[in-house]
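Report on the structure
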Amino acid sequence: MSYVAPLQDMLFNMEHLAGLDQVAQLPGFEEAGLDTAQAVLEECARFTQGVVAPLNRPADIAPSSWKDGVVTTSDGFKEAFRQYAEGGWQGLQHPADFGGQGLPKTIGAACVEMLNAANLSFALCPLLTDGAIEALLTAGSEELKAAYLEKLVTGQWTGTMNLTEPQAGSDLALVRTRAEPQGDGSYKVFGTKIFITYGEHDMAENIVHLVLARVQGAPEGVKGISLFVVPKFLVEGGGLGALNDVQCVSIEHKLGIKASPTAVLQFGDGLAGSVADGAGAGARGFLVGEENRGLEYMFIMMNAARYAVGVQGIAIADRAYQQAAAFAKERVQSRPVDGSVKASATIIHHPDVRRMLMLMRATTEGCRALATTAAASYDLAHHHPDAAQRAHHAALYEFMVPLVKGYSTEMAQEVTGLGVQVHGGMGFIEETGAAQHYRDAKILPIYEGTTAIQANDFVGRKTLRDGGQVARGFAAQIAETEAQLQSCGTPAAQSVARQLRAARLAFLEVVDFMLANAKAQPNAAYAGSVPYLMLAGNLFAGWQLARALWVAEQLLPAGQDPRFLRAKIATAQFYAEHVLVRTAALRDGIVQGADSVMALNIDDF
């Protein structure tokens, strides 16, 4: 089925939950109010619905291909990317100084969701380019910025992130790719990188690889890693020069996101026709920032990518929900149990189908609201004129990033699985498209840091480092929302307030458990790290839906779109009564079940 961008929900979140009016008061964002947001989102919806979404299914059937080092993307991708670049979408959130539009992340994140919902494989190319732009903006020299940023921001060139090697997955201390200084400011880079998204393709004239490598004599481990720009074509006088010694030796055959070419890249193998033609001549690279600080710079890319991957989870969940809801309204099967229809009826009449659809809808909307409010914190952290406020919102955003990435992508596993289930046997058949969403979603909790990596970060850096200060600060805000709901008085508000309070208290119990055990009994604490992340993500998404319910209750008497507002109230109540209640079980498993995780001897597995 066709994709329809959820513009009303996106704009509601921006206006009432993220405080777009506050963001629009920040220096440089004065024109980025609700009217601008609506105009941008409507135009983005036209592009993603009309140009990108129709390519999704055909590209899954006929994905990108590799031959003799050349990657050809799926039919229509090259032209769609040209339109994407010409429309200014790559530069939407990037500085006007380099050809971007300089809009806030609060608006940009909604456009990222639309692009990914329309076509996840296509959207991965802009996602990696965004990360490369952020890294160069933060750590690149003026020379590197002048040479590369405008071309990346305008979409004329694309970017990649090169971390993983055959022997080094998430453990970057094992990186072996080496860089040899040449005395002229450049380096020769040698090594193999795997899992490089859009590491080779035909959609742009140049590809700017950001590569982790070790300079000769660097310290062992992660402290000895540097970051380099290694372009496909060297840049000379503002234009393209010779071909660099970078070769795509293959692309992967994958479970999902098949149309996105995942490349194996060989640096410094003497690629024929390159500037370094000759055995072992080396790929020419240029240092980003200082030597041995590469991991620090790469984390800039990774943080940007992790948030974006969380948005991918929301996007694919929404696409699966839309398709399942449409199918449930058309598929006729069995009489309803309540006798409301005397003959076989569409399956949306059946209570369990409604339960599945409500679960899909509520978790998707909760995660969207969470991601939107996180984006507003990002904007305040980077643009607020007061340094103390910038630091405060930076801490809030950093706390929420693993929730957006971890919870939203795990949520997408459940939602896309339910999408197949709603279709029944037809969902298992590829032609319906439901299976593609299920397959595509599976990568999301894996790349850019698995859920376990997000959870370890959430325990170590986000909870222990400040003694739970930010966590407890959020809990205090949640308690304020509970008080608002209790004063509202409607049955839905009262029910949500009760469940929100129980979830908040469960969260605080786990925070206390982590603080008490992480150092003395690290296995006990980290055995519950993923459940803790899921508990917190569940709570924060439910909190945003609770806030949305309160807003909807205030707006209803004014007669503002009662159908949308009543749906928002019903969705929030469902989430509280069917999803938020899971937090109690998660708490019990973390606090009471730590010992059983490590009880079995290794040899007994």
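We now turn to the structure provided with this report. This structure is a prediction, so every number in the text was calculated from the model and none was measured.

Conventions adopted
- Residues numbered from 1 in each chain as written.
- Predicted model: local features only at pLDDT ≥ 70, side-chain atom pairs only at ≥ 80, totals over all residues.
- Heavy atoms only, no water.
- Helix = DSSP H or I, 4+ residues; strand = E, 2+ residues; numbered from the N terminus.
- Rg over C-alpha atoms; globule rule 2.2 N^0.38 Å.
- Buried < 20%, exposed > 50% of the residue type's maximum accessible area, 1.4 Å probe, protein only.
- Contact = heavy atoms within 4.5 Å.
- Lys, Arg positive; Asp, Glu negative; His and termini not counted.
- Charge placed at Lys NZ, Arg CZ, Asp CG, Glu CD.
- Core = buried A, V, L, I, M, F, W, Y, C linked by side-chain atoms within 4.5 Å.
- Phe/Tyr/Trp six-rings, centres within 6.5 Å; stacked < 30°, edge-to-face > 60°.
- Lys NZ or Arg CZ within 6 Å of the ring centre and 35° of its normal.
- Polar contact = N/O pair within 3.5 Å; in protein donor to acceptor, adjacent residues only side chain to side chain.

1. Description of the overall build of the protein
Counting secondary structure elements, the protein contains 20 helices and 12 strands. Taken over the C-alpha trace, the protein has a radius of gyration of 24 Å; the compact-globule value for 605 residues is 25 Å, and the two agree within 12%. For the C-alpha atoms alone, the extent of the protein along its principal axes is close to 75 × 60 × 55 Å. By the burial criterion, 57% of the 605 residues in the protein qualify as buried. Taking as baseline every contact in the protein between residues at least 6 positions apart, the subset at least 24 positions apart corresponds to 73%. The centroid of the 47 positive side-chain charges in the protein is displaced by 6 Å from the centroid of its 63 negative side-chain charges.

2. Examining the nonpolar core
Ranked by internal contacts, the top residues of the largest apolar core, which has 92 residues, are Leu357, Phe507 and Phe540. In terms of residues, this core owes the most to one element, helix α17 (residues 529-555), which gives 16 residues. In contact with phenylalanine 507, not counting residues within four places along its chain, are Phe399, Ala471, Ala475, Tyr532, Leu535, Ala536, Leu539 and Phe540. Formed by 55 residues, the second largest nonpolar core is a distinct cluster that contains Ala5, Leu26, Ala259 and Ala441.

3. Examining the packing of aromatic side chains
Going through the model one piece at a time under the given rule, you end up with 19 aromatic pairs. Centroid distance phenylalanine 507 to phenylalanine 540: 6.1 Å. Interplanar angle 70 degrees. Geometry classified as edge-to-face. Pair noted here: phenylalanine 507 is in helix α15 (residues 491-517) and phenylalanine 540 is in helix α17, with a separation of 33 residues, a long-range link. Just as phenylalanine 507 is buried, phenylalanine 540 falls in that class too. An aromatic cluster of three or more residues is present, and its members are Phe399, Phe458, Phe474, Phe507, Tyr532, Phe540 and Trp543. Positioned above the aromatic ring of tyrosine 378, the side-chain terminus of lysine 105 is 4.7 Å from the ring centre. Over the aromatic face of phenylalanine 190 sits the side chain of arginine 178, whose NZ or CZ is 4.2 Å from the ring centroid.

4. Looking at the side chain of glutamine 413
As for its placement among the helices and strands, glutamine 413 is situated in helix α11 (residues 387-423). Residue glutamine 413 is classed as buried on the basis of its relative accessible area of 17%. One polar contact links the side chain of glutamine 413 to the main-chain carbonyl oxygen of alanine 441, over a distance of 2.7 Å. Ignoring anything within four residues of it in the chain, the contact list for glutamine 413 reads Tyr438, Ala441, Lys442 and Pro445.

5. Concerning the side chain of histidine 393
With respect to the helices, strands and loops of the structure, histidine 393 is situated in helix α11. Here histidine 393 falls in the buried class, since its relative accessible area comes to 10%. Residue contacts for histidine 393: discarding those within four places in its chain leaves Ser377, Leu380 and Ala381.

6. Looking at the environment of alanine 85
Relative to the assigned elements, alanine 85 resides in helix α5 (residues 77-86). Here alanine 85 falls in the buried class, since its relative accessible area comes to 18%. Once the C-alpha coordinates of alanine 85 and glycine 155 are considered, the two residues, 70 residues apart in sequence, prove to be 4.8 Å apart. Contacts of alanine 85, omitting those with residues within four sequence positions, involve Thr154 and Gly155.

Read these as layout, nothing more, since geometry by itself doesn't imply function.
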